[in-house]
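Residues per chain, in single letters:
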Amino acid sequence: MQSSGLPLVETPDVLIVGAGVIGTSIAMALSHLDVDVAVVERRHDVGEETSRANSGIANCGWSLAPGSLEAQLVCASSPRWEDIASRLGVTFRRVGLTLLAFSEEEASGISALCERATENGVTVREVRGDELAEVAPHASGRAVAGIYVPDEGVVDSVRLPVAFAELASVNGVRFYLGESVVSASLGNGQVEEVLTTKRRFRPRFVVNAAGLGADFVSKSLGGDEFSITPRRGQWVLLDREFGKRVPSILTGMPGKLGHGPMVIPTAHGSVLIGPDAEDLEDKTDKSTTGAGLDDVVDRCRVLMPDIDTKFAIKTFAGLRPHSDKTYRVGWSETAGNLLQAAGIRSTGVSSSLAMGDHIRDLLVGAGLSDRLDAGARNDLEYTPPLWADGDYARVAKDPLGRTVVCACEKVTAADIHQALREPLPATSIGGVARRTHATWGRCQGSACLSGVSFITSLYTPGEAWETPMHEPGSTLGAGVTTGE
Amino acid sequence: MLAERGIGVTLVERLPAPGGQEPETDAAQLARAASRAGVRMMLGTLAAEFRQGQVHTLGVEGAVTLSADALVVATGSRPQTRAELGIAGERGAGVMPGSATRHLLDSGVLLGRHPLVIGDGHLAEELCSALGSAGAITVTSVRAGSDGVDPWPGTNTFTDARVLSVHGFPRVNRAVVSQGDRLTHVHADAVILAASRVAMRNIEGAVFGGPHVVECFSLAEPKTFDNAEAAAMQACEQTMLTLR
Ligand SMILES: Cc1cc2nc3c(=O)[nH]c(=O)nc-3n(C[C@H](O)[C@H](O)[C@H](O)COP(=O)(O)OP(=O)(O)OC[C@H]3O[C@@H](n4cnc5c(N)ncnc54)[C@H](O)[C@@H]3O)c2cc1C
């Protein structure tokens, strides 16, 4: 082990590895206790891997295996969204979902799914004819029957881990970004020391919330051996203008790899069509493929024939952390103080609220202090962007709010400065985009990228061309111009 | 033109001066003529939304709501986005909208030493030349146009071609160019999107037209004053019809 030269600066009660939606929700839950918590994340920002590229559905748990930890945590999180969203300034809408069956044979599966929902404590109902048209006016007329799930919601899942992390940070949790866990030393069946690329930690407990990297982290910490494989999903994002025609989520009958592509209104009114599901080997392969995207569009047109790709703004892909056992959550069998929160493949956003509490309770059960931190906050000071509420007068009160930098997403200079000054500030153009949506609209930065990069460069080290788009090495340019 | 016909006109412009992102030489003269004809100018102001005859604006004067019988949208053009061009692959840095490239070059940022520029029109041509003089070592131009077009000076040109995908992370380093059945892997550390101009639409409620919305986009190549004036005249006639 190459520990020499690395400073030992940290002896936290809890070290969380990974700052995706799971790691940050755990950090937020622990931040209300009077304990010392540190988070290590290999990427330059929180929520940069699976948690930034997902469908943003806050599932209510209706179709999950009853009694499973996944169902318990998703169902326990579902009623809490309105409250947490308002306290953290995260947009959430309970839009509802309709599952469509296109033949009587498919429809024969409806009653079993409805029973499953009942077992999970979720109210759903079978819909046909006029009622189907009423709950899903945008659905294909070829659907013969469906299940209506009123409690399904959509959340701004891009901001969610940022908001979790910011509240944790305000409450004293320390985030070490751009730093990988690489190895550890064990003694008496416990993790004693954790080495990252920059420092050593001697934590009392370690939580492995490393998503796609959780198998490597577990192995490095002397924990259980399992493997995580990437399951890619691709989407097409459609304009808000098309979103007016998509009041709720549409999905088809589940297949071997899940529900298949869906038509999903996003929290702020645009529409995602996708994702598909394809098992890959390369954990970094987030590329989109022409064939995959065409397939997604074709399959979503079965659900909603009116889908028009002239409204397409962007295509992208995400990787689900698939493991042979989903929700590997619990104490390691080989390293006593290592708690796994891994293999959270398809519902990590939906379960995140209860997941933080669940992990906190397991830690408290193992001896972590449950004394509350009297000074801990429950909410964030955050000014929402204009698109969140359309309140022009509010935005105009701040002089910087009168300068709209990104005209497509109506992002003002005030929003961009806020993103760069938040408790856990953006440190790249991509970080600003994630926090504000600037450059993410119809023109994809055509009109605003130079303005956004200019403001970002005021806060980042180096020359203008060195302003990072995202990870180290992702410079805006390749150098300074020469010549006339 | 509308004011001269006795219509009450307010001109809302996002930038602090009239003339657009790439000010035309006669912009100032036209703006003076418009003011003389009685046009109210709201500069440094974004028209954000148009609903039920109300235009919500945000700008130096704060949040101002205007009532309008017709909205003329003359918000200019932009090159096609990556999604519109159907470019698959990784999302490394260095894939840039052509219009942003121009501004960044003006501020001294060299986008790539081996940039690849997609597009056939004036913007693509200008960027190829500007990148070459700003310090790029090789400039590749990928044009959808057919054989026989003259390659722009100093560029390694693919005609009848399109970029299928881009690769490389954290920065792009390669693009796959197709010409019929032939695929070529081109080394590129920046991919500049400067293909065919499309309308810049960003006013909520009027993004894809609608009643009382008159579109005034001049998208023809080359970009000339005559083409712009023709589009304006047509929009003026349409506005008069809408107001009737
Ligand atoms: C296509 C798709 C659609 C989805 N749709 C939904 C949906 O609609 N609703 C829903 O609830 N869920 C959805 N999900 C699932 C959801 O996104 C995941 O369950 C969730 O993001 C997992 O979060 P995580 O924190 O476990 O993983 P991640 O977000 O990947 O976080 C893990 C973090 O650990 C870091 N890390 C890894 N290794 C190390 C190391 N050695 N050192 C330091 N840091 C490390 C990583 O950089 C990463 O940031 C979807 C996922 C995909 C891909």
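Counting from 1, residues in each chain are numbered in the order their sequence is written. Chains carry letters from A onward and ligands carry numbers from 1 onward, assigned in written order. A pLDDT threshold of at least 70 governs which residues receive local features in this predicted model, and a stricter bar of 80 or more applies before side-chain atom pairs are shown or counted, although totals over entire chains, interfaces and linings include all residues. Calculation of side-chain values draws on the structure's entire complement of heavy atoms; hydrogens and water are dropped beforehand.

## Comments concerning the site of the ligand
Residues and elements named next belong to chain A.
Right, on to step 1. Neighbouring the ligand are 39 residues; Glu41, Ser51, Ile57, Ile344 and Ser350 lie closest to it.
Right, on to step 2. In this structure, an oxygen atom belonging to the ligand sits 3.2 Å away from a side-chain N or O atom of Asn54.
Right, on to step 3. The protein chains hide 98% of the 1,000 Å² of surface that the ligand would expose on its own.
Right, on to step 4. Think of it this way: any DSSP run of H or I at least four residues long counts as a helix, any run of E at least two long counts as a strand, and we number them from the N terminus. Listing elements by their share of the shell around the ligand, those giving two or more residues are helix H1 (21–30), strand E3 (37–41), strand E15 (228–238), strand E20 (312–323) and helix H11 (348–365).
Right, on to step 5. Side-chain classes are defined by residue name, with Ala, Val, Leu, Ile, Met, Phe, Trp, Tyr, Cys and Pro counting as nonpolar, Asp, Glu, Lys and Arg as charged, and the others, Gly among them, as polar. A per-class count over the shell around the ligand returns 16 nonpolar, 16 polar and seven charged. Nearness is defined per residue: one heavy atom within 4 Å of the molecule or strand is enough. In the analysis that follows, any N or O atom pair within 3.5 Å is treated as a polar contact, provided that within protein one partner can donate a hydrogen and the other can accept it, and provided that, for residues neighboring in sequence, both atoms belong to side chains. Working definition of accessibility: Shrake-Rupley area with a 1.4 Å probe, residue cover restricted to the visible protein chains.

## Brief notes about the packing of aromatic side chains
Aromatic rings considered in pairs are described by the distance between their centres and by the relative angle of their planes.
Right, on to step 1. Side-chain rings of Phe, Tyr and Trp (the six-membered ring for Trp) are treated as a pair once their centres are within 6.5 Å; stacked means planes under 30 degrees apart, edge-to-face means over 60, and tilted covers the remaining angles. Tallied over the entire structure, the rule returns six aromatic pairs over all chains.
Right, on to step 2. For the pair Tyr176 of chain A and Phe201 of chain A, a centre-to-centre distance of 5.6 Å together with 75° between the ring planes defines the contact as edge-to-face. Of this pair, Tyr176 of chain A sits in strand E10 (residues 174–177) while Phe201 of chain A is found in strand E13 (residues 200–201), placing the two residues 25 residues apart along the sequence. Judged on exposure class, the residue Tyr176 of chain A and its partner Phe201 of chain A are both buried.
Right, on to step 3. Seen from their ring centres, Phe242 of chain A and Phe311 of chain A are 5.3 Å apart, and the 35° between their planes marks the pair as tilted. Here Phe242 of chain A, found in helix H9 (residues 240–243), pairs with Phe311 of chain A, found in the loop between helix H10 (290–303) and E20; they are 69 residues apart in sequence, far enough to count as distant. In this pair, the class of Phe242 of chain A matches that of Phe311 of chain A, namely buried.
Right, on to step 4. Pairwise contacts between aromatic rings join Phe242 and Phe311 of chain A together with Phe208 of chain B into one cluster.
Right, on to step 5. Each ring is checked for a lysine NZ or an arginine CZ that lies within 6 Å of its centre and within 35 degrees of its normal; such an atom marks a charge sitting over the ring. The ring centre of Tyr382 of chain A lies 3.6 Å from the NZ or CZ of Arg159 of chain A, which sits over that ring.
Right, on to step 6. In this arrangement the basic side chain of Lys314 of chain A is found over the ring face of Phe316 of chain A, its NZ or CZ atom lying 5.6 Å from the centre. Relative accessible area decides the class of each residue, using a 1.4 Å probe on protein chains only: under 20% of the type maximum gives buried, over 50% gives exposed, and in between gives partly exposed.

## Comments concerning the sheet that holds strand E4 (residues 57–58) of chain A
What links the strands of a sheet is backbone hydrogen bonding, and the strands pair in either a parallel or an antiparallel sense.
Residue and element names in this part refer to chain A.
Right, on to step 1. A pair of strands is treated as paired once DSSP finds two or more bridges between them. Across the sheet, three strands lie side by side as E4-E9-E5; this open sheet has antiparallel pairing. Lying at the two open borders of the sheet, with one neighbouring strand each, are E4 and strand E5 (92–93).
Right, on to step 2. In this sheet, strand E9 (residues 153–155) lies alongside E5 in antiparallel orientation, the contact comprising two bridges. Bridging across to E9, Phe92 finds its partner in Val155.

## Remarks on the environment of Met96 of chain B
Right, on to step 1. Take Met96 of chain B: it is sitting in strand E9 (residues 95–97).
Right, on to step 2. Here, two residues are considered to be in contact whenever any of their heavy atoms come within 4.5 Å of each other. Residue contacts for Met96 of chain B: discarding those within four places in its chain leaves Leu449 and Leu476 of chain A together with Thr101, Leu104, Leu111, Val191, Ile192 and Leu193 of chain B.

## A closer look at the interface of chain B and chain A
Right, on to step 1. Opposite the 51 residues of chain B that make contact, chain A presents 56 residues.
Right, on to step 2. By convention, the term buried area covers the 1.4 Å-probe accessible surface removed from two parts as they join, with the contributions of both added. Summed over both sides, the interface between chain B and chain A buries roughly 4,000 Å², with carbon and sulfur atoms accounting for 60% of that surface.
Right, on to step 3. Per-residue buried area on chain B facing chain A is highest for Leu58, Arg91 and Phe208 of chain B; these three make up 15% of the total on that side.
Right, on to step 4. We define a salt bridge as a side-chain nitrogen of Lys or Arg found within 4 Å of a carboxyl oxygen belonging to Asp or Glu. At the boundary of chain B and chain A, one finds three salt bridges.
Right, on to step 5. Put simply, Glu204 of chain B and Arg240 of chain A hold a salt bridge, and the shortest N to O gap is 2.9 Å.
Right, on to step 6. The tally of links from chain B across to chain A stands at 18 residue pairs in polar contact (both at pLDDT 80 or more).
Right, on to step 7. In terms of residues, the side of chain B that touches chain A owes the most to one element, helix H3 (residues 98–106) of chain B, which gives five residues.
Right, on to step 8. Taken together, the residues of the side of chain B that touches chain A break down into 24 nonpolar, 15 polar and twelve charged.

## Here we look at the pattern of salt bridges
Residue and element names in this part refer to chain A.
Right, on to step 1. Scanning all chains against the criterion turns up 43 salt bridges over all chains.
Right, on to step 2. For Asp36, the salt bridge is made with Arg174, and the minimal N-O distance between the two is 2.8 Å. Placement of the pair is Asp36 in the loop between H1 and E3 and Arg174 in strand E10, with a sequence separation of 138 residues.
Right, on to step 3. The residue Arg442 makes a salt bridge to Asp239 at a minimum N-O spacing of 2.4 Å. On the criterion of sequence distance, the pair formed by Arg442 in the loop between helix H15 (429–436) and helix H16 (449–457) and Asp239 in the loop between E15 and H9 is long-range, its members being 203 residues apart. As far as burial versus exposure is concerned, Arg442 and Asp239 are alike and both buried.
Right, on to step 4. One salt-bridge network, held together by shared partners, links Asp45, Glu48, Arg52, Glu422, Arg434 and Arg435.

## So, the pairing of strand E2 (residues 14–17) of chain A
All names here are of chain A.
Right, on to step 1. Side chains of E2 alternate between two faces, with Val14 and Ile16 and Leu15 and Val17 buried alike.
Right, on to step 2. Sheet topology places E2 next to strand E14 (residues 205–208); four bridges connect them, and they run parallel. Across the sheet, the residue bridging to Val14 is Phe205, located in E14.
Right, on to step 3. Here, the term right-handed applies to a crossover whose path from the first strand over the helix to the second runs clockwise when the strands point away from the viewer. Tracing the backbone out of E2, into H1 and back to the parallel element E3 gives a crossover that is right-handed.

## Let's talk about a nonpolar patch on the surface
Residue and element names in this part refer to chain A.
Right, on to step 1. A surface patch of nonpolar side chains, about 310 Å² in accessible area, is lined by Phe454, Leu458 and Tyr459.
Right, on to step 2. By the element assignment, Tyr459 lies in the loop between H16 and strand E25 (479–480).
Right, on to step 3. For Tyr459, a relative accessible area of 31% translates into the label partly exposed. The patches reported here contain residues having more than 30% relative accessible area and no salt bridge. Joining distances are 9 Å for like charges and 5 Å for nonpolar side chains (Val, Leu, Ile, Met, Phe, Trp, Tyr).

## Considerations on the domain arrangement of chain A
Residue and element names in this part refer to chain A.
Right, on to step 1. What counts as a domain boundary in this text is fixed by an automatic or database domain assignment. Split into domains, chain A comes out as domain 1 (1–91 + 155–227 + 324–381), domain 2 (92–154 + 229–320) and domain 3 (386–466).
Right, on to step 2. The C-alpha centroid of domain 3 is placed 29 Å from the C-alpha centroid of domain 1.
Right, on to step 3. Contacts between domain 1 and domain 3 engage 17 residues on the former and twelve residues on the latter.
Right, on to step 4. The interface formed by domain 1 and domain 3 contains three salt bridges.
Right, on to step 5. A salt bridge links Arg434 to Asp45; the nearest nitrogen and oxygen atoms lie 3.9 Å apart.
Right, on to step 6. Viewed at the interface, domain 3 and domain 1 are joined by six residue pairs in polar contact (both at pLDDT 80 or more).
Right, on to step 7. A per-element tally of the side of domain 1 that touches domain 3 places helix H7 (residues 160–170) first, with six residues.
Right, on to step 8. Looking at the side of domain 1 that touches domain 3, its residues break down into seven nonpolar, four polar and six charged.

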